Amino acid sequence: MQRSRHGRYRIPQIILLISLIISFHLVSAQQPSSPALDRILSQLEINLSRYDHQVPNFFCTEHVTSSLLYAKKRQSTVTDSIFRVERSLSGTLTESREIKAINGSPAEGHQLGGPVILAGVFSGGLDAVSLRQNACMTYTLQPVEPGRQNAPYVIQFATLPDAAHHPQCVLKEAGTGRVLVDPATMQVTRMELKAPNHHINPTEVGAWDISIDYAPTAFAGQSFWMPTTIKSTETSTARDYPPAVYSFSATYTDYHKLEVTSHIVPTR
């Protein structure tokens, strides 16, 4: 009787254990798996190399709101420009603007005067996240959240203490951030960076926060991921109260390949 009584209890326990094991394997099989960090970084480096060497000269429409808030006063400028990126003879990408309007009024030939100016995003904004920066950065791949199979891969990064002393390091100041990578295309869709001791200007230091959103753009049959929005905020850590806040917010639309056409005019 004792053996039979034990048997009656033992069989359901075995069945329950088998069910739990099967359920665990089914749940595990349904969870999205992330590729290795080095594999993602390798693909990002391939993307960077392709952009650096193959992106054509291009132009787009830039709309910038630049502002400075200090001593309860606000200085703001809205600038509309034709933004260009062109490749020099040495292969370096250079950025330039042709100002079309300032605060809604025509302003042909003017220079972008601020109060905040931001440059370099198109010619090197994503260089910080790649295998070539392993000596300058630490990278951490965040786990994919359960139930979100199409969720982006998230790579967090931070500068190493001696990064400023290495010429190959693109970020020369202490900073942390993250990039979001689309799992279908392995392209960066968003980049965020925080630098607590950023040199705002020769006399001010403060906290810098910048975010950049990217989207695909087609040029003559080729697709490249370009910035669509840039938001940057610099907050002075000077003892002034309230602190000075410098803001730069820009949108980029209507991308086109920059081409020069010519035709021969017959003599009369």
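Residue positions within a chain follow its written sequence, with the count starting from 1. This being a predicted model, a pLDDT of at least 70 is required before a residue's local features are given, and a value of 80 or more before pairs of side-chain atoms are given or counted; all residues contribute to the totals for chains, interfaces and linings. With hydrogens and water set aside, each side-chain value is computed from the structure's full complement of heavy atoms.

Description of the overall build of the protein
Here a strand is any run of E in DSSP of at least two residues, a helix any run of H or I of at least four, and the numbering for each starts at the N terminus. Along the backbone of the protein there are 3 helices and 11 strands. Reading the protein from its N terminus to its C terminus gives the helix and strand order α-α-β-β-β-β-α-β-β-β-β-β-β-β. For every residue, the accessible area obtained with a 1.4 Å probe (protein chains only) is divided by the maximum for its type, and the residue is called buried under 20%, exposed over 50%, and partly exposed between those limits. Each of the 268 residues in the protein was classed as buried or not, and the buried ones make up 33%. Using a 1.4 Å probe, the Shrake-Rupley method yields the accessible areas, and only the shown protein chains count as cover for residues. Split by element, the accessible area of the protein, about 16500 Å² in all, is 56% carbon and sulfur.

Considering the pattern of salt bridges
Once their charged atoms are close, side chains differing in charge can pair, the charge on each being opposite to the other. Within this document, salt bridges are pairs made up of a side-chain nitrogen of Lys or Arg and a carboxyl oxygen of Asp or Glu, the two lying within 4 Å of each other. Tallied over the entire structure, the rule returns 8 salt bridges. Here Lys 100 ties to Glu 98 by a salt bridge, and the two come within 2.8 Å at their closest N and O atoms. Since its relative accessible area comes to 24%, Glu 98 is described here as partly exposed. Several salt bridges converge on common partners, so that one network encompasses Arg 178, Arg 190, Glu 192 and Asp 213.

Comments concerning unusual backbone geometry
At Asn 103, a position not held by glycine, the phi torsion is positive, near 55 degrees. We note that Met 186 has phi near 60 degrees; this positive angle belongs to a residue other than glycine. Mapped onto the secondary structure, Met 186 falls in the loop between strand E7 (176-181) and strand E8 (188-201). Assessed through its relative accessible area of 13%, Met 186 is described here as buried.

Details of helix H2 (residues 37-54)
In this analysis, the expected span of each helix is defined as 1.5 Å times one less than the number of residues it contains. End to end, H2 covers 26 Å across 18 residues, agreeing with the expected 26 Å (1.5 Å per residue, within 8%). Taken together, the buried positions of H2 are Ile 40, Leu 41, Leu 44, Asn 47, Leu 48 and Tyr 51. With its buried residues spanning 115 degrees around the axis, H2 presents them on a single face. Exposed residues on H2 whose side chains face more than 90 degrees from its buried face are Arg 39, Ile 46 and His 53. The arc under discussion is defined with respect to the helix axis, by the directions toward the C-beta atoms.

A closer look at the sheet that holds strand E6 (residues 153-159)
If you walk across this open sheet you meet the 11 strands as E4-E3-E2-E1-E11-E10-E9-E8-E7-E6-E5, and the pairing is antiparallel. The open sheet has two free edges, formed respectively by strand E4 (105-106) and strand E5 (137-141), since each of these has just one partner strand. For E7 and E8, the ladder comprises 6 bridges, and the chain directions are antiparallel. Counterpart to Val 179 in the pairing with E8 is Met 191. Running at roughly 100 degrees to strand E10 (residues 222-236), H2 makes contact with strand E1 (58-70), strand E2 (73-87), strand E3 (93-102), E5, E6, E7, E8 and E10 of the sheet. Here, a strand pair is defined by DSSP locating no fewer than two bridges between the strands. Whether two residues touch is decided by their heavy atoms; if any such pair falls within 4.5 Å, the residues are in contact. A fitted line through C-alpha atoms represents every axis, and for helices the fit uses only the stretch in contact; the resulting angles, taken between N-to-C directions, go from 0 to 180 degrees.

Some remarks on the state of the cysteines
Note on terminology: pairs of cysteine sulfur atoms within 2.5 Å are recorded as disulfides. Applying the stated criterion across every chain yields a total of 1 disulfide. Note on cysteine connectivity: Cys 136 is disulfide-linked to Cys 169, with sulfurs 2.0 Å apart. Because the torsion about its S-S bond is -90 degrees, the bridge between Cys 136 and Cys 169 counts as left-handed. On the criterion of sequence distance, the pair formed by Cys 136 in the loop between helix H3 (121-124) and E5 and Cys 169 in the loop between E6 and E7 is long-range, its members being 33 residues apart. The exposure classification of Cys 136 matches that of Cys 169, with both residues buried.

Details of the pairing of E3
Sheet analysis places E2 next to E3, joined by 9 bridges and oriented antiparallel. Each bridged residue has a counterpart across the sheet, and for Asp 80 the counterpart in E3 is Ala 101. Where E2 hands over to E3, the hairpin turn is made up of 5 residues, of which Gly 91 adopts a positive phi near 95 degrees. By the bridge criterion, 2 bridges tie E3 to E4 in an arrangement that is antiparallel. Residue pairing for E4: Ile 102 is matched across the bridge by Ser 105.

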